[in-house]
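Chain residues, written in single-letter form:
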Amino acid sequence: MTQDEGTQTKRGNAGGAALGLAGKYRNAGANQSGTQGGLVRYVLAATLARSADGGAVVAIVLLATTSGASGWLAGILGACITAPHLLGPLVARSLDTAKDGRSVIAWACVAHGATLAAAVLLFPITPPVVPGLLLIASGLVGPLLTGGISSRLAAIAGPERSSQRRAQGWDVATYGISGTIGPSMVAAVSSWANPATAALILAGATFVAAAVVRLLPSAPSATVAAEVPRPGRILLMMISNGPLRRTLYLTVVVALSVAALPITAVASTGELDVAPAAAGILTAAYGLGGLLGSAGVMIRPLRTDADPLMTWLAAAVGIALSGAAVAGTFPTAVAAFACAGVLNSYFFASTLAARSEYAPPAARGQIFVWIGALKITAGSAGTALAGALIAPASRFPLYLASGLIVVTVVTSLLDRRRERFRS
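Residues numbered from 1 in each chain as written. Predicted model: local features only at pLDDT ≥ 70, side-chain atom pairs only at ≥ 80, totals over all residues. Heavy atoms only, no water.

Talk me through the layout of surface pockets; I want residue IDs and the actual numbers.
Taken as a whole, the largest pocket holds about 1600 Å³ of empty space. For the largest pocket, the lining is made up of 45 residues, of which Tyr-175, Gly-179, Tyr-286, Lys-375 and Ile-376 are closest to its centre. Mapped onto the lining of the largest pocket, the elements with two or more residues apiece are α1 (3-66), α2 (71-82), α6 (142-150), α8 (161-192), α11 (242-258), α13 (279-299), α15 (330-358) and α16 (364-389). In terms of residue count, α8 provides more of the lining of the largest pocket than any other element does, 8 residues in total. Here the residues of the lining of the largest pocket sort into 19 nonpolar, 22 polar and 4 charged. (1 Å grid on protein atoms, 1.4 Å probe; cavity = no way out; pocket = protein on both sides within 12 Å on 5 of 7 lines; lining within 4 Å. Points joined across faces, edges and corners; volume = space filled by probe spheres on them. Helix = DSSP H or I, 4+ residues; strand = E, 2+ residues; numbered from the N terminus. Nonpolar A, V, L, I, M, F, W, Y, C, P; charged D, E, K, R; others polar.)

Could you give an account of helix α9 (residues 195-213), naming the residues involved and the relevant values?
Its 19 residues place the ends of α9 27 Å apart at the C-alpha level, agreeing with the 27 Å of an ideal helix rising 1.5 Å per residue. For α9, the complete set of buried residues consists of Pro-195, Ala-198, Ala-199, Leu-202, Ala-203, Ala-205, Thr-206, Ala-209, Ala-210, Val-212 and Val-213. Where α9 begins, the side chain of Asn-194 points an oxygen toward the backbone nitrogen of Ala-196, at a separation of 3.2 Å. (Expected span 1.5 Å × (residues − 1). Buried < 20%, exposed > 50% of the residue type's maximum accessible area, 1.4 Å probe, protein only. Polar contact = N/O pair within 3.5 Å; in protein donor to acceptor, adjacent residues only side chain to side chain.)

Tell me about the packing of aromatic side chains, residues and numbers included.
One pass over the structure, following the stated rule, counts 1 aromatic pair. Relative to Phe-348, the ring of Tyr-175 lies with its centre 5.0 Å away and its plane at 65°, an arrangement referred to as edge-to-face. Of this pair, Tyr-175 sits in helix α8 while Phe-348 sits in helix α15, and the two are 173 residues apart along the sequence. If you follow Arg-50 out to its NZ or CZ, it ends over the ring of Tyr-175, 3.9 Å from the centre. (Phe/Tyr/Trp six-rings, centres within 6.5 Å; stacked < 30°, edge-to-face > 60°. Lys NZ or Arg CZ within 6 Å of the ring centre and 35° of its normal.)

Hey, could you go over the confidence of the model for the protein for me, with residue numbers and the actual values?
This prediction gives the protein a mean pLDDT of 84; 89% of its residues lie at or above 70. Scored below 50 in pLDDT, residues 1-31 shows 2 contacts in the model against residues more than four places distant or in partner chains. (pLDDT = per-residue confidence, 0-100. Contact = heavy atoms within 4.5 Å.)

Go over the packing of α11 against α15 with me, naming the residues and quoting the values.
Across the interface, α11 lies against α15 with an axial gap of 10 Å and an inter-helix angle of 155°. One element, α11, and the other, α15, form an angle in the roughly antiparallel class. Helix-helix and strand crossings are classified by hand; for α11 and α15 the assignment is left-handed. Counted together, Pro-243, Leu-244, Thr-247, Leu-250, Thr-251, Val-254 and Val-258 of α11 and Asn-344, Phe-347, Thr-351, Ala-354, Arg-355 and Tyr-358 of α15 form the full contact between these two elements. Classifying every residue of the contact of α11 with α15 by side-chain character gives 8 nonpolar, 4 polar and 1 charged. (Axes fitted to C-alpha atoms, helices over the stretch in contact; angles between N-to-C directions. Parallel < 35°, antiparallel > 145°, perpendicular 65-115°, else oblique. Left-handed = near helix turned anticlockwise from the far one by under 90°.)

I'd like a rundown of empty space enclosed by the protein, residues and numbers included.
Evaluation of the coordinates by the stated rule reveals 3 cavities of 30 Å³ or more. Put simply, the largest cavity is a space of about 50 Å³. Along its surface, the largest cavity is lined by Ser-150, Leu-153, Ala-154, Gln-164, Gln-168, Asp-171, Leu-352, Ser-356 and Phe-368. Secondary-structure elements contributing two or more residues to the lining of the largest cavity are α7 (153-157), α8 and α15. In terms of residue class, the lining of the largest cavity is made up of 4 nonpolar, 4 polar and 1 charged.

The following block contains the structure:
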């Protein structure tokens with residue numbers, strides 16, 4: 001080989017390497033752009049679907065009460081759309097068995113919106129049992145709009161842990177935003193028009209969410225349908241798997257505990273020497289704290305392993321609840337409520353990380369829905385329990401909630417220590 005030929009060969013190799021490197025960066029840029037675009041669509045779909053799911057019960061109760069129905073009937077109709085969330089795991093298996101989970105979630109959004117709209121339109125002209133059955137059907141698919149959508153996040157965020165944790169911060173934010181937008185929209189439209197119009201707008205939002213879900217990046221099924229466990233086996237799997245077991249009981253206990261905050265906010269205004277309307281400021285502080293917490297996770301993703309992180313963040317939530325219980329002035333109470341919101345968002349993000357990282361691929365969708373359904377049920381039970389216990393002392397539910405979290409945190413530490421000893 002001559003010197004010129006050798007020079008040309010080296011130039012060709014260098015050029016090929018440069019082209020390969022450029023192609024690599026182009027692919028990386030394209031993947032990052034695709035991930036960001038998928039995350040934007042995910043946030044839009046999740047916010048629309050969860051706003052409809054969270055606002056529906058408010059719209060139904062308002063519809064019943066403004067139509068002259070009794071309070072017990074309004075409560076029953078509201079329960080018809082919330083109580084079936086506990087049965088969500090029975091329909092969640094389709095997420096793991098379907099070739100394309102997007103279709104399952106999209107059809108769930110359509111079913112939720114269609115049955116909600118039908119219940120609203122038929123309420124004035126049929127016996128209450130008819131809209132009640134339609135609302136039960138709407139509630140059955142509700143968990144697919146909450147935990148079901150969250151199960152898609154791992155395939156959108158990318159393989160890096162930091163990107164996964166940052167995306168989970170966005171997911172936490174969608175819960176906080178939709179929990180505010182849904183009921184607020186219902187209240188605004190009901191005052192401007194009527195609750196039926198508000199409910200129909202929520203139903204329309206689920207149809208839009210269904211279309212956006214179909215635009216999310218596709219993810220191939222992790223296994224064949226025959227190998228996907230049944231709901232009962234999923235529950236046994238979570239109980240027998242240490243990290244998932246701790247995720248389950250820490251999630252349930254913290255949800256049960258923080259549900260006491262709104263009830264306590266209303267009951268403690270007299271002790272804080274403020275008007276009863278100031279309870280809205282306390283609950284708003286909690287909600288704003290939640291949004292700040294989710295923003296914090298986005299800006300600086302959680303780095304510690306999810307299993308121990310959940311335990312310490314649960315303890316932090318318990319301390320914040322204790323602070324809210326002992327707050328002697330209104331400003332300190334506002335600060336304590338806001339702190340509880342921040343820490344609860346961090347805790348929620350850690351539980352999402354645990355579900356994503358410790359769940360087997362063949363059962364991820366069902367595990368997301370199982371824990372999400374039990375969390376919603378625990379929150380409802382916590383609200384009812386706080387209301388029943390508020391009479392002796394307005395701060396008693398928060399003291400009880402803090403103690404319950406302490407016991408659960410100690411249980412979690414002993415649980416993990418026992419696993420290490422066995423291994």
